[in-house]
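Okay, here's what each chain looks like letter by letter:
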Amino acid sequence: MSETTIVETGKRPEVASSSPGEWIRKNLFSNIPNTILTIVFGVFALYAIRGLLGFILSGERRWEAVATNMRLLMAQGYPANQFVRVWVALGCLMVLTGLSLAIWNAKGQLPIKKISNWTMNIGFGLMLFAVLAPISPSSRLGWVIAGVLFLTFGFGLWMSTKNNQNRTLDSIPTVWFSFGFLGTLVLSLWIVPFGHYAFTNGELVAETGRTVAMSTKLPFTVMWVLLVCSYCVIIRVRDYLPTGQAKALLVGLWFLSPFVLNWIVLRDPDFDYGHVISTDVPVAALFIFAGGGILYLLTKPSLGELGRLTAIALLIFGVFNWVAAFFGWYPMLQKVRISFVLLALAALIAPNFAADRRTRLKFVTGWGVLIVISHWLITAVNSPSTLELQGPTYLGGFSLTLFVAVLTLLLSFPLGVLLALGRTSSMPIARVLCTGYIESIRGVPLITILFFFSNILPLFLPQGMEIAELAAIVTGYTLFSAAYLAENVRGGLQSVMRGQYEAADAIGLTTSQRTGFIVLPQALRVSIPPLVGQAIGVFKETSLVAIIGAYDILRIANNVVPAQTEFLGVKREGLLLVSVIYFIVAFSMSKYSQRLEERVGLGER
Amino acid sequence: MSTETTNENRSDMIVCENVDKWFGDFQALKGVSATIAEQEVVVVLGPSGSGKSTWIRCINRLEAHQQGTIIVDGVELTNDLRNIEKIRSEVGMVFQQFNLFPHISVLDNVTLAPKWVRKMPKAAAEKKAEELLEMVGIPEQAAKYPGQLSGGQQQRVAIARALAMEPRIMLFDEPTSALDPEMIKEVLDVMKDLAHGGMTMMVVTHEMGFAREVADRIIFMESGEIVESGTPEHFFTNPTEDRTKLFLSQIL
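Here is what the cut-offs are and how they apply
Residues numbered from 1 in each chain as written. Chains lettered and ligands numbered in written order. Predicted model: local features only at pLDDT ≥ 70, side-chain atom pairs only at ≥ 80, totals over all residues. Heavy atoms only, no water. pLDDT = per-residue confidence, 0-100. Contact = heavy atoms within 4.5 Å. Salt bridge = Lys/Arg side-chain N within 4 Å of Asp/Glu carboxyl O. Helix = DSSP H or I, 4+ residues; strand = E, 2+ residues; numbered from the N terminus. Buried < 20%, exposed > 50% of the residue type's maximum accessible area, 1.4 Å probe, protein only. Buried area = accessible area lost by both parts, 1.4 Å probe. Phe/Tyr/Trp six-rings, centres within 6.5 Å; stacked < 30°, edge-to-face > 60°. Arc of directions from axis to C-beta. Domains from an automatic or database assignment. Nonpolar A, V, L, I, M, F, W, Y, C, P; charged D, E, K, R; others polar. Axes fitted to C-alpha atoms, helices over the stretch in contact; angles between N-to-C directions. Parallel < 35°, antiparallel > 145°, perpendicular 65-115°, else oblique. Left-handed = near helix turned anticlockwise from the far one by under 90°. Pairing = 2+ DSSP bridges. Core = buried A, V, L, I, M, F, W, Y, C linked by side-chain atoms within 4.5 Å.

A.B. asks: Talk me through the confidence of the model for chain B; I want residue IDs and the actual numbers.
C.D. replies: Residue and element names in this part refer to chain B. Residues of chain B with pLDDT of at least 70 account for 96%, and the chain-wide mean is 88. In this model, residues 1-8 is a region of pLDDT below 50 whose contacts with residues beyond four sequence positions or in other chains number twelve contacts. Interface confidence for the predicted complex, given as ipTM, is 0.91, next to a pTM of 0.78.

Okay, here's the thing in C-alpha cells:
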C-alpha cells in the first residue's frame, strides 16, 4: 500500500507586515464612506471617554465612600476580627497554585512583540487620558511624560525583536511575566498614596496622601511571596521529585481545598461538633461502606437482569421516602433521603462498570467521593447560621454573588444535561416529564421562583424539615438555570450526526455508553458558546437575590452605602465600581471560553 | 429464486427468510430470502434505491424489519435488547461516510468498543489496535484525529475499528462510494486481504472489478427484491434475467 507523503518545499514565505500608516490608510480611510464612519465614530468615542473621565475625576465624586466600604462590598456580614481566616484560605490557594505551576512545569511563553504591543497601548491610553481628562496643566504634563515613556519603551522592545538577528530573546516565560505583573501591583500598594479609609469603631477615618493600611498591604504581599516562593522552591527540586505521584497528590489537594477552605472561612465558632460526630459522620460512613458494598455486588458481570431489578427497587424506595416525608409518616434525615436516591441512580448505571476488579473498585471509590461531597454540601448549605449573622444569609456582598453563581452553575450543569437527554430520549415518559418541566420553568420569571423557594416552599416541607435561606436561593436558582441550560445542550445534541449514533450502535455500545462517550462530548463541544453565555447570565442575574432580602454586592452599593450618615446618597461611585467588577468577571469567562473552544477544536479541521 | 450455498459443510452465518421492510407506505424490502455461509463473500449489486443498503442495515438491526425472520449466527433478531447487543458485537459494519468519532484519536476510536463492550484491559486493547492499524497499513497515524486523515485512511481506520471487536461477520455499506478515485484501491486492498483471510463478508458496492475478483457469490437486487444470485462468472458472462442484463449493459 502506498502512502502519499507531503514533501516539504522550503519554508513559508514571510508576509511583509505593513507599517502603521499603511494599516490606518487601508482599514480606516480606504474610501469615502469608510472615512466618514471613522471620523464620526472617532469623535463620538472621544466625546464618550471625555464624559466618563469627567464623571470619574469630578470634584463631586466621593470615592472614599467606595474605599471605606470595600470590606462591606466584598463580604458583608463577615466579622472583621475573623478576616485572618480568609487570608489563611487564600494563602493555601496561593501555595497550591505555585506548586502546581512548578510541578506541571508551565512552559507558556509570552512573545516580546505582544508585550511591546501592550506597553504601547498603555502609552496611547495615558496620552489620551492626558489630553481628555479635566485635570490641571501641571498634572497633564506628568501624564504626557508617563505616556511618552511607555510608548518609547514599547517601541524599543518592538524594534529589538525586529532588528535582532540572533534573536536571543524572542519571548519570556508567561509565569515570570505574571509574577512580575502581580508583584508590581503589590508594590504599588506600598508606594502609591491611595489613602487610608476605614470605619474604626464606627468613626470614619479618612487620611489622604498616605499608602493603604498595613492590614491591607501586608496580607497581599504575603500572598505574592507565598505564590512566588512555593513556585521557586519546587522548580529547584523538581528533578528529584517523583512527578507522577506529586501530580496525583496535588490533584487530591485541589479536590479537597473547597471543603477545607470553606471550613476555615465559614466555620461557626459555636458549631455543634457533637452532632457531626454522633450523626453526620456515621451516616456518611454507613452509606460509603454499605452502599459501596451493594454497588460492588451490582457490578458483578454475571448478575444480569437481577441488577436492573435491584436498581429499580432502590429507586422506588428512594422516591417513596420523599412521599413519606411529605405526609410525615416516618422521620428520616434529609441527607439520608437524598443518599438513597443517589444510591438508586448509581445502581442504575452500575452495569456499565461490570468488568474486572479494578474497574469495579474505581466505581465504588467514585461512589464514596460522591457521598462525601454531597453530605458535606448538605451540611454546609443547610447549616442555618455561622458567625455573627447580619442578614438572612451568612454571606453577603461579592462573596454571596460568587457563592450563589458558582454553586448554581456546578449543580445546574449536570441537571441541565440530564434534562436535555430526557427531552431528546425515545422514552415517552421521560420526554413528557422533561419537556413539561423545561417549558413550565421557562414560562415563569426568576423572581417568582426565588420568591416561591424562600417564602412558599417552607410551608410545603414536612414537619421538622428546615431549609436555610441560602439553600433555598441556590435550589430555586439551580432549578431555573437548569431548564435554560437544557435547551442549550439540546441544540448541541441535535447537531450530532445520525451516523455517529449508528456507528456507536454498530460497534455494540449500550445506550448509556453511546451517550457518554460519543454523543455528549460532541454535543457539549458545540454548545460551549451558548453555555458560556448562560453561565455569564447566571453570574450577572445573581443580583436578583436582593429581592428576597439577601445582601449582594449590587444591593450594598445601591442601598446600604448611600444610607450611611457619612455618605448619605452617595450611589454613583459604588454602582460604577460594581459594574466594573461584573464586567471583569464576565469578560474573563468569555475569554476563557474562547481558549476552551480553541483547545477542544483540536482534531477538527 | 434459489439460494444455494456453495459448500454444504460450512454452517450458515446469516439466514434471511421473506424479510419485508416498509418506510411508511413505501416497501423497501419485498420478501428477501437468502442464506450466507461461513467464510462466504457476498457482493450485493443493484441500482440505487433497490434496497441493498436497507437489507444489510437490517442484518445488524440498524433498521428493524417488520416481517420475516433474520437469524445471525444462530440468534434471531427480535426486539429483545440483549439479542441485538449480542449480534452487534459479532457483526462489524463499515459505512459509506466512515462515521469515525471525530473527538477522539484514531487509537481511541479503535480501542473504545473492545475496552467497554468486551471489557478488555487497556493495554491489551491498545496492543490489538496497533496490530490492526498495522494490518490496514496506517500504524503511524494512531495518535492523530480522524479529521487529520485522508478519506481512504479514515475508511481503513473504520475497518480496523470494526475488526477490533473480532467480529465473525463484516458488513460493508458502499465503503468506497465517498472516496476520491485514487483512494479506492487502498481500501479495496484491505477488503481483499480480509476476504482471503476467511472472513464472512457482505458487501454493497459499485466496484465491479472487486465483485468479479473477490466475491464467492453475487446477489442482484432491484425494487426491494432479489432478482438473481450466482457466482461472478455466471453473473457477468451469462445472466439469466432480463433486468440483470439491462443493468449490466448500463454499467459495463
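What follows picks up the thread again.
A.B. asks: Can you explain the pattern of salt bridges? Please cite residues and give values.
C.D. replies: Overall, the coordinates contain 26 salt bridges over all chains when judged by the stated rule. The partner of Arg423(A) in a salt bridge is Glu439(A), and the shortest N-O contact between them spans 3.2 Å. In this pair, Arg423(A) is assigned in helix 15 (residues 397-424) and Glu439(A) in helix 16 (residues 428-442), connecting sequence segments 16 residues apart. For Arg423(A), a relative accessible area of 15% gives the class buried. We note a salt bridge from Lys185(B) to Asp189(B), for which the minimum N-O separation is 2.9 Å.

A.B. asks: Could you give me a rundown of the interface of chain A and chain B, with the residues and numbers involved?
C.D. replies: If you look at the interface, chain A gives 28 residues, while chain B gives 33 residues. For the pair chain A and chain B, the summed buried surface comes to about 2700 Å²; carbon and sulfur atoms form 59% of the total. Across the chain A-chain B interface, the total number found is three salt bridges. Close ionic contact of Arg498(A) with Glu63(B) constitutes a salt bridge, the shortest N to O distance being 3.9 Å.

A.B. asks: Let's hear about the packing of aromatic side chains: which residues, and what values?
C.D. replies: All names here are of chain A. Counted under the stated rule, the structure contains 19 aromatic pairs over all chains. Each ring, one from phenylalanine 129 and one from tryptophan 143, has its centre 4.7 Å from the other, and the planes form 65 degrees; the classification is edge-to-face. You can see phenylalanine 129 sitting in helix 6 (residues 112-132) and its partner tryptophan 143 sitting in helix 7 (residues 137-163), a full 14 residues away along the chain. What makes phenylalanine 129 buried here is its relative accessible area of 19%. Given the relative accessible area of 36%, tryptophan 143 is considered partly exposed. Between phenylalanine 583 and phenylalanine 587, the aromatic rings sit 5.4 Å apart at their centres with planes inclined by 15 degrees, giving stacked as the arrangement. Of the two residues, phenylalanine 583 and phenylalanine 587 both sit in helix 22 (residues 572-600), four residues apart, roughly one turn of that helix. According to the relative accessible area criterion, phenylalanine 583 is exposed, its value standing at 54%. Residue phenylalanine 587 is classed as partly exposed on the basis of its relative accessible area, which comes to 42%.

A.B. asks: So, helix 9 (residues 242-251) of chain B: which residues are in play, and what are the values?
C.D. replies: All names here are of chain B. If you check which residues of helix 9 are buried, you get Thr244, Phe247 and Leu248. Along helix 9, the residues classed as buried sweep out an arc of 95 degrees about the axis, all on the same side. Facing away from the buried surface of helix 9 by more than 90 degrees, the exposed residues are Asp242, Leu246, Ser249 and Gln250. Contact partners of the buried residues in helix 9: strand 3 (41-45), helix 7 (208-214), strand 9 (217-222), strand 10 (225-230) and helix 8 (232-237).

A.B. asks: Can you explain the domain arrangement of chain A? Please cite residues and give values.
C.D. replies: Residues and elements named next belong to chain A. The domain architecture assigned to chain A consists of domain 1 (58-77 + 389-605), domain 2 (82-264) and domain 3 (272-384). Taking only C-alpha atoms into account, the centre of domain 1 sits 29 Å from that of domain 2. Residue-level contacts link ten residues of domain 1 with eight residues of domain 2. Buried area between domain 1 and domain 2, both sides added, is near 730 Å², and the carbon and sulfur share of it is 72%. Interface area lost by domain 1 to domain 2 is led by Thr68, Arg71 and Glu566, which between them contribute 60%. Taken together, the links from domain 1 to domain 2 amount to zero salt bridges. Elements represented by at least two residues in the side of domain 1 that touches domain 2 include exactly helix 3 (64-68) and helix 4 (70-75). Broken down by element, the side of domain 1 that touches domain 2 gets its largest block of residues, three residues, from helix 3. Per-class residue counts for the side of domain 1 that touches domain 2 are four nonpolar, three polar and three charged.

A.B. asks: Which residues make up the packing of helix 3 (residues 106-116) of chain B against helix 4 (residues 122-135) of chain B, and what are the values?
C.D. replies: All names here are of chain B. At their nearest, the axes of helix 3 and helix 4 sit 9 Å apart, and the two run at 125 degrees to each other. Of the possible angle classes, the one that applies to helix 3 and helix 4 is oblique. Relative to helix 4, the crossing made by helix 3 is right-handed. Residue-level inspection shows Val106, Leu107, Val110, Thr111, Pro114 and Lys115 of helix 3 in contact with helix 4, the latter providing Lys122, Ala125, Glu126, Ala129, Glu130, Leu132 and Leu133.

A.B. asks: Go over the pairing of strand 3 of chain B, please, and point to the residues and values.
C.D. replies: All names here are of chain B. By the criterion of burial, strand 3 is predominantly enclosed, with five of the five residues buried. The alternating pattern of strand 3 places Val41, Val43 and Leu45 on one face and Val42 and Val44 on the opposite face, and all of these are buried. Strand direction decides the pairing type here: strand 3 and strand 8 (residues 200-204), joined by four bridges, are parallel. Of the residues in strand 8, the one forming a bridge with valine 44 is valine 204. In the sheet, strand 3 pairs with strand 9 via four bridges, with the strands oriented parallel. Within strand 9, the residue paired with valine 43 across the bridge is isoleucine 218.

A.B. asks: Please give an account of the nonpolar core that cites residues and values.
C.D. replies: All names here are of chain B. Grouped together as the largest cluster of nonpolar side chains are 49 residues, with contacts concentrated most on Leu45, Leu133, Ile159, Met170, Phe172, Met191 and Met201. Ranked by residue count, the leading element in this core is helix 6 (residues 181-196), at eight residues. Residues within four places of methionine 170 in sequence aside, it is in contact with Gly92, Val94, Ile159, Ala162, Leu163, Leu194, Met199, Thr200, Met201 and Met202. The next biggest cluster of nonpolar side chains, apart from the first, holds 41 residues, and it includes Cys16, Ala34, Val44 and Met165.

A.B. asks: How would you summarise the sheet that holds strand 1 (residues 12-23) of chain B if you had to cite specific residues and measurements?
C.D. replies: Residue and element names in this part refer to chain B. Here four strands make up an open sheet; going across it, the order is 2-1-4-5 and the pairing antiparallel. Two strands close off the open sheet at either side, each with one partner strand: strand 2 (26-37) and strand 5 (75-76). Packing of helix 1 (residues 52-59) onto the sheet brings it into contact with strand 1, strand 2 and strand 4 (67-72), and relative to strand 2 it is tilted by some 60 degrees.

A.B. asks: With reference to specific residues and values, describe unusual backbone geometry.
C.D. replies: We note that Lys119(B) has phi near 55 degrees; this positive angle belongs to a residue other than glycine. Mapped onto the elements of the fold, Lys119(B) is located in the loop between helix 3 and helix 4.

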